[in-house]
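# Examination of the molecular architecture
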Amino acid sequence: MPPHVVLVTGVSRNLGSRFAARLAADPSIDRVIGVDTLPPGPELAALLGRTEFVRADIRNPLIGKVIAAAGVDTVVHLSITATPHRAGGRVAMKEMNVIGTMQLLAGCQKAASVRRLVVKSTTAVYGSSSRDPALFTEEMEPKGLPRSGYAKDAVEVEGYVRGFGRRRPDVALTVLRFTNFVGPRIDSPLVRYFGLPVVPTVLGYDPRLQLLHEDDALEVLRLAAVEDLPGTVNVGGSGVLLLSQAIRRAGRVSVPVPGPAVAAVGRLIRRTGLVDYSPEQMRFLNFGRVVDTTRLRKEFGYTPRYTTVEAFDDFIRARQVRPQLEPALVRRAEQAALAVLDRVGGGHG
Amino acid sequence: MADARVIPLHAGTPEPDPAAATPDPAGTPAARPTRTGRATRPAAARPARSAEPARSAEPARSAEPARSAEPARPAEPARSAEPGRSAEAGGTAAAGEAGTADAAPDGGAAPAGGSDRPDWERAVAGALAFLRRRITGDYEVDEFGFDPDLTDHLLAPPFRPLYSRWFRVEASGMANVPDAGGALVVANHSGTIPLDALMTTLALLDHHPAHRHLRALGADLVFRTPVLGAVARKAGNTLACNPDAERLLSSGELVGVWPEGFKGTGKPYADRYKLQRFGRGGFVSAALRTGVPIIPCSIVGAEETYPLIGNARALARLLNVPYFPITPTFPWLGPLGLVPLPSKWLIEFGEPIDTGSLGAAAADDPMLVFNLTDQVRETIQQTLYRLLLQRKSAFR
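Residues numbered from 1 in each chain as written. Chains lettered and ligands numbered in written order. Predicted model: local features only at pLDDT ≥ 70, side-chain atom pairs only at ≥ 80, totals over all residues.

### So, the overall build of chain A
Each helix and strand in chain A was counted, giving 14 helices and 13 strands. C-alpha extents for chain A along the principal axes are approximately 85 × 45 × 40 Å. Per-residue burial for chain A yields a buried fraction of 49% across its 349 residues. Of all intrachain contacts in chain A linking residues separated by at least 6 positions in sequence, the fraction that spans at least 24 positions is 81%. (Helix = DSSP H or I, 4+ residues; strand = E, 2+ residues; numbered from the N terminus. Buried ≥ 20, exposed ≤ 12 C-beta atoms within 10 Å, placed from the backbone. Contact = placed C-beta atoms within 7 Å.)

Now the structure itself:
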């Protein structure tokens, strides 16, 4: 049953505003209400269309009033953030993620009109370690619970969402565990990472990456918001890229950093503001993470249009991440070498 | 990693006359991409004598000038800025020649490798294509991180001399390993450093009619270790855990498991060829759940590679490893102590044990799982005794 009134949190951020725009373009939805602490920038605001923007902090009980007053039936919670600097420091980030979710859930629990809740989570809840199985299914527990940062926030958020589900069994609950996003327009720590002048990697490790194209992410969110597809679902493109391979495909130059120096280099990058990320995510550069997306394709009923490799290539093309080593140049060099070979070989044959 | 460096140094020593070595004592000359590739390349330079066996030093040199003449040098500054890759690219000189021997027949891999080219040119063209694929990231990796392109062309070739010349491996019972579909190879583990896993993998890749990649299940320690862990994944290995085993088996892969684990590799020399406990039978339940046959595999020869006469427990604890081996040569001779003794190896793949007829529910019957585990263990133990009698001595 399609929703009438949808509330979207985190609407001033890239994914949030694009998602709200997509809903606003759907005439069967009566109202789209976007909530965030700050108004969206001019570029994103232009996208929003008929979305009603409410400047509210989901960390205070006001959010409950907004839900009740508008008769919201579907809540899409996208404001869980992985970028501490943007959120105003780690403490503010945690408040935003955890306390914000608690307030939002409290508001939803009181509002009888709410029938569907969609939460954007992350595959970071599976952690990242050498003892991981090659692919995580939704039932698997992390080998070591993430002890800090974004991943811990996400684990706690999921815990509160489960609690909410027990208290309001009539609400259809969808938890979407996304892999890393890439795409022409999205901004994320990983996207920034590939844009660094040289790409630092951890010496002796080559993580597997699984990526999701932003278009697929938006479509999965839209489906979850307009259809009844309850459950916890891993959302990622099929296939993997090794980090080294991704860097080569992008024509970038990687600089392997020895293990003990990784933390220092990471701090430097964060301080200079080149990439804003949650420090515990550095472990991702050791082991990476891949999830099983069978449930997404079979039960949720959506097959991402882009595989991991296609999503990455599209991102590289559209972003014009300038290759330091042109693939065409390599191909030409190969052709030239073959020509030399022909001449040399010609003498014998 | 350490053994990889040691091998080329000593690979030739047991048989100083390479010409005499060419008719392979193992009796399987046809399925040897390396050897055939080498033999034909210099012959092509002198077309009259195509059957002449090659001097192994020559092809290496013949490939060299072609590489240095190659104007792919604009790539050089970028490559040298990245130590990991430059090491890899340097290795292609040797690896490319062997690798392209496989690549050449299918044609698709080498873009300009026309059929009118002499063999050595095709080999160089193949090596160039490989180099281009590596530099531009144009290859495929599966969900487990397995990189067949790298494995076939770079990781496997250095171990081939170790397989054929140093250990003179004789593999038998290949017909017991299916050409397609999932199967679980269960083998005994020994030798301090798991060379037995490498040799079994190479046996199936080079000497099985379907050239199957064995997807070995390794210990956590392997994947925790820098470099080794990354390389192990690229070579198709993954962590020994039931979800991974079942996923590989149900997608039709050939999976290898060494259920003794560190108890097998780290046992004293005095206990050689005495099988240790076979884990907790996890491999049997994985086979039962996926309904694939279990192929018992008996490996003779690995025990003598590094005879373990002592274990420095304190040092092992300090380094956080299961044991710190003391052999007659290690650590006394330093890096030289890492050279394995040239024992004579026999690998036998036994009759497959069918699990499909028992049904997936059988995996939840602990008694059946224990019995099946014992059956596999007993089969391997008996085969080991038989193979030991067959072998004249440990080194011949």
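Having seen it, we continue.
### Some details on the nonpolar core
With 87 residues, the main nonpolar core has A:Val8, A:Ala20, A:Cys108, A:Leu176, A:Val182 and A:Phe312 as its most contacted residues. Apart from the residues lying within four places of it in its own chain, the contact partners of A:Leu176 are A:Val118, A:Val119, A:Lys120, A:Ser121, A:Val220, A:Ala224, A:Val233 and A:Val235. In terms of nonpolar packing, the next biggest core, distinct from the first, is built from 72 residues, B:Phe167, B:Val255, B:Trp345 and B:Leu346 among them. (Core = buried A, V, L, I, M, F, W, Y, C linked by C-beta atoms within 7 Å.)

### Considerations on unusual backbone geometry
Residue and element names in this part refer to chain B. Here the residue pair Phe330 and Pro331 is connected by a cis peptide bond, since its omega of 0° sits within 30 degrees of zero. Structurally, Pro331 can be placed in the loop between β8 (325-326) and β9 (346-349). In the Ramachandran plot, Tyr273 falls in the positive-phi region, its phi being about 60° despite a non-glycine side chain. Along the chain, the position of Tyr273 falls in the loop between α14 (262-265) and α15 (282-290).

### So, the packing of helix α5 (residues 90-110) of chain A against helix α6 (residues 149-167) of chain A
Residues and elements named next belong to chain A. Contact geometry of α5 with α6 gives a least axis separation of 9 Å together with a crossing angle of 10°. Relative to α6, the element α5 lies roughly parallel. Residues Lys94, Asn97, Val98, Thr101, Met102, Leu105, Cys108 and Gln109 of α5 pack against Asp153, Glu156, Val157, Tyr160, Val161, Phe164 and Arg167 of α6. Class assignment for the residues of the contact of α5 with α6 results in eight nonpolar, three polar and four charged. (Axes fitted to C-alpha atoms, helices over the stretch in contact; angles between N-to-C directions. Parallel < 35°, antiparallel > 145°, perpendicular 65-115°, else oblique. Nonpolar A, V, L, I, M, F, W, Y, C, P; charged D, E, K, R; others polar.)

### A look at the pairing of strand β3 (residues 52-55) of chain A
Residues and elements named next belong to chain A. Inspection of the sheet shows strand β2 (residues 31-36) paired to β3 by four bridges, in the parallel sense. From the neighbouring strand, Asp36 faces β3, where its bridge partner is Arg55. Regarding topology, helix α2 (residues 42-47) serves as the crossover connection from β2 to the parallel β3, and that connection is right-handed. (Pairing = 2+ DSSP bridges. Right-handed = clockwise from strand over helix to strand, strands pointing away.)

### Some thoughts on the sheet that holds β2(A)
All names here are of chain A. Read from one edge of the open sheet, seven strands run β3-β2-β1-β4-β5-β6-β11, paired in parallel fashion. Single-partner strands in this sheet number two, and they are β3 and β11 (231-235). Across the sheet, the axes of successive neighbouring strands diverge by a mean angle of 20°, strand direction being ignored. One ladder, built from four bridges, connects strand β1 (residues 5-9) with strand β4 (residues 74-77); its direction is parallel. Residue pairing in the sheet places Thr9 in a bridge with His77 of β4. Together, β5 (116-122) and β6 (172-178) form the strand contacts of α6, whose direction differs from that of β5 by roughly 160°.

### Focus on the packing of helix α1 (residues 14-24) of chain A against helix α8 (residues 214-226) of chain A
All names here are of chain A. Where α1 contacts α8, the two axes come as close as 10 Å, and the packing angle between them is 55°. On the basis of the axis angle, α1 is oblique to α8. α8 is crossed by α1, and the crossing has right-handed handedness. Counting all contacts with α1, which are made through Leu15, Arg18, Phe19, Arg22 and Leu23, the residues of α8 involved are Ala217, Leu218, Leu221, Arg222 and Ala225. Residues that form the contact of α1 with α8 fall into these classes: seven nonpolar, no polar and three charged. (Left-handed = near helix turned anticlockwise from the far one by under 90°.)

### A look at helix α13 (residues 242-250) of chain B
Every buried residue of α13(B) is listed here: B:Asp244, B:Ala245, B:Glu246, B:Arg247, B:Leu248 and B:Leu249. Immediately beyond the C-terminal end of α13(B), within one or two residues, lies B:Gly252, with a positive phi of roughly 80°.

Such coordinate-based values are descriptive only and should not be taken to indicate function.
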